Amino acid sequence: LEAIPALVASGKRVNGLYRLMGSRLLWEEGLQKIGSNKGAMTPGIDGETFADFGPEDLDPIIASVTAGTYDPKPVRRVFIPKGKGKRRPLGIPTRDDRLVQEVARQLLERIYEPVFSNASHGFRPGRSCHTALEHVKAVWTGVKWLVDVDVAGFFENIDHDILLRLLRKRIDDEKFIGLIGSMLKAGVMEDRVHTRTYSGTPQGGIVSPILANIYLHELDMFMAERIAAFERGKVRATNPEYGRLAGRIQKQRKRVTMLRAKDNVDEVKVAASLAKIQTLLPQKRSIPSRDAMDPGYRRLRYCRYADDFMIGVIGSKEDARSVFAEVRAFLTEALALTVSEEKSGIRKASDGAAFLGYEVRTYTTRQRVVRSRQGSVSFLRRPPSEVMQLHVPWEKVHAFASAKGYGDLSVLKPRHRSLLLSCSDVEIVLAYNAELRGFANYYALAKDVSFKLNRLEFLQRWSLFKTLASKHKTNVRAVLARMRTGQEFTIGYDVDGQPRSVKVWKLAHLKRDPATSSRIDIQPWTQVFTHSRTDWVDRQNAKQCEACGRSDVPCQVHHIRGMADVSHRGFVVRMKVARARRTVVLCEQCHWDTHRGRLPDLRQSDGSSQWRAACGESCTCGSAGGSGLTP
């Protein structure tokens, strides 16, 4: 495994990958990574999850893969909201298929990560949307045109034959490539109907992101060659008018020096020359020092995150048209992809374009000179023009406020959220905090993040206060008085008898540093606060099982009376009933035994003594007389 990157760097094709699929270390690492993911409990078409899957269960899967009898199952098709009323299809593989895909992904990552382009930022270790945007912000100053290329249905239209041919460029193992091919052609199960797949990789598959990067690596290489051929000149030519004015100013300064060098200084002539200099300086400062459209100077910029990429052109619009045509032809002819004509186009950089949820555009300050200091020397300098900036689109802010139910942002009219009224005060504050913090963290690189999100923060905070006031049937003034702690607003709770508190998050707490983790792209999972049938504070206090008394294992909160009688009711009613019903704290094993009828039914009981007495007879948690065996 350690030799793979060096082998790839030498230009040789890698073989023996299918044999490496038998390495138990890869499978255990894959199980640890997948099992800790919140999607581990999402079943595929066979209904299996990682709930009770351990390292000892890996052997049958490893054996079937190494023996060549493994056959991937179809993915379960689900849809998630995409925006503007559209839905994005996701394919959820089975539990075993996820493990096999993760092991294959680890091997592919060792092969391709050393050769991937620096312009690629999507689904790669140590890279994220923020690293892509930070690159654009730092390097793209001076860009005249933005070429925005949108690939129509990229993940659904990846050509399997082209992808497998690209894999063979670096992999000399037909059994491994055949395994990848079987994953691609496993098909989709939707409404109990199996549909074969002849193109594309399912979004939601573990191996799909790196296969997409391998596919578009060809575009990265094409762009690298195009950049080398396109770029011309070392520096822009001097603006002729700027040079003429600079020459006249220099001539007058020499004249002043000569006049002052004489024994009898003619102050009238000196004053006249200085006056000319003061007249010419504003004219010189009002025009660019370099020829912005110098045909002898061209640059091409390129940045890609998965299938979302943008090209920056320092040159003429005709140059931008030529680059756009060449990229479109390459995508169509070499990768069998279609460019969306509606969403693609050439934009003036000062007008901006959308990239990864941001608005990207150049800006030239109206200030002609700024005072700078280098050590003890202070001097005037001209600020750079056409500086690339990142901005928060207003439509994103309005859409976020609307989706979260904060109220009407256009008129700053907050409203309470009735869906949260059954949650505890702490859960409500934590949910509001996570939502705004996640949104602000993603847009932390924007120059106007404070200005744009200031209105959103106001609406979010007052929506929070109105929700708490509605929950307690009081007014906002009383809520503010109860929560105010100096300059902050806090809510208190107890864990293990120790007082704790949660602050209401505000924009002043925002850190503007770029995030290298890909988790910055993931929205906060606030359902743990807002959609749970048990209180978050109760779960924090669930440290000891009330059935067996163990405190050295994870515990859960169990409803003594089930929820089947209200399963047909609406979400608000189900949440309200669930929060009101009596609960007990159980370890995972006792919780399982309770649902399987191995522990006494306490719906008519008042305590846990009956549980303790029965634990030694029927519980398999490992305490008292239990055997410690997993059923």
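In short, a report on the structure. (Residues numbered from 1 in each chain as written. Predicted model: local features only at pLDDT ≥ 70, side-chain atom pairs only at ≥ 80, totals over all residues. Heavy atoms only, no water.)

For soluble globular proteins, the rule of thumb is that nonpolar side chains tend to be buried together. Core analysis: the biggest nonpolar cluster contains 75 residues, and W27, L108, I180, L219, I311 and L331 have the highest contact counts within it. Ranked by residues supplied to this core, first place goes to helix 9 (residues 208–230) with 11 residues. In contact with I311, other than residues within four places in its own chain, are W140, W145, L146, V147, M223, L300, R301, Y302, V323 and V327. A132, M310, V426 and F529 belong to the second largest nonpolar core, which has 68 residues in total. (Core = buried A, V, L, I, M, F, W, Y, C linked by side-chain atoms within 4.5 Å. Buried < 20%, exposed > 50% of the residue type's maximum accessible area, 1.4 Å probe, protein only. Helix = DSSP H or I, 4+ residues; strand = E, 2+ residues; numbered from the N terminus. Contact = heavy atoms within 4.5 Å.)

Before going further, it helps to spend a moment on the sheet that holds strand 3 (residues 145–150). In space, the 4 strands of this open sheet follow the order 6-7-3-8, with antiparallel pairing throughout. Pairing within the sheet leaves two strands with one partner each, and these edge strands are strand 6 (299–305) and strand 8 (345–348). Each neighbouring strand pair of the sheet contributes to a mean axis angle of 20 degrees, computed without reference to strand direction. Across 6 bridges, strand 3 lies against strand 7 (residues 308–314) in antiparallel orientation. By the bridge assignment, V147 is partnered in strand 7 with I311. Running at roughly 170 degrees to strand 6, helix 9 makes contact with strand 6 and strand 7 of the sheet. (Pairing = 2+ DSSP bridges. Axes fitted to C-alpha atoms, helices over the stretch in contact; angles between N-to-C directions.)

On the surface, R248, K251, R255, K262, K269 and K276 cluster together to form a positively charged patch. Secondary-structure elements contributing two or more residues to the positive patch are helix 10 (240–261) and helix 11 (267–285). No other element matches the 3 residues that helix 10 contributes to the positive patch. (Patch = residues over 30% accessible without salt bridge, like charges linked within 9 Å, V, L, I, M, F, W, Y side chains within 5 Å. Areas by Shrake-Rupley, 256 points an atom, 1.4 Å probe, with all protein chains shown as cover. Salt bridge = Lys/Arg side-chain N within 4 Å of Asp/Glu carboxyl O. Lys, Arg positive; Asp, Glu negative; His and termini not counted. Charge placed at Lys NZ, Arg CZ, Asp CG, Glu CD.)

With that settled, the discussion passes to the pairing of strand 18 (residues 498–503). Both strand 17 (residues 488–495) and strand 18 contribute to a ladder of 6 bridges, which runs antiparallel. For I491, the partnering residue across the bridge sits in strand 18 and is V502. Hairpin connection from strand 17 to strand 18: 2 residues lie between these consecutive antiparallel strands, with D496 at a positive phi of about 55 degrees.

Considering all chains together, one arrives at 20 aromatic pairs under this definition. Note on F400 and Y406: the rings are 6.0 Å apart at their centroids and 70 degrees apart in plane angle, and the pair reads as edge-to-face. Each member of the pair, F400 as well as Y406, is classed as buried. Between W462 and F465, the aromatic rings sit 5.8 Å apart at their centres with planes inclined by 90 degrees, giving edge-to-face as the arrangement. One end of the pair is W462 and the other is F465, both in helix 15 (residues 449–471) and 3 residues apart, which spans about a single turn. Take W462: its relative accessible area is 31%, and that puts it in the partly exposed class. Under the relative-accessibility criterion, F465 is labelled buried at 1%. Here the basic side chain of R298 rests over the ring of F230, its NZ or CZ set 4.1 Å away from the ring centre. (Phe/Tyr/Trp six-rings, centres within 6.5 Å; stacked < 30°, edge-to-face > 60°. Lys NZ or Arg CZ within 6 Å of the ring centre and 35° of its normal.)

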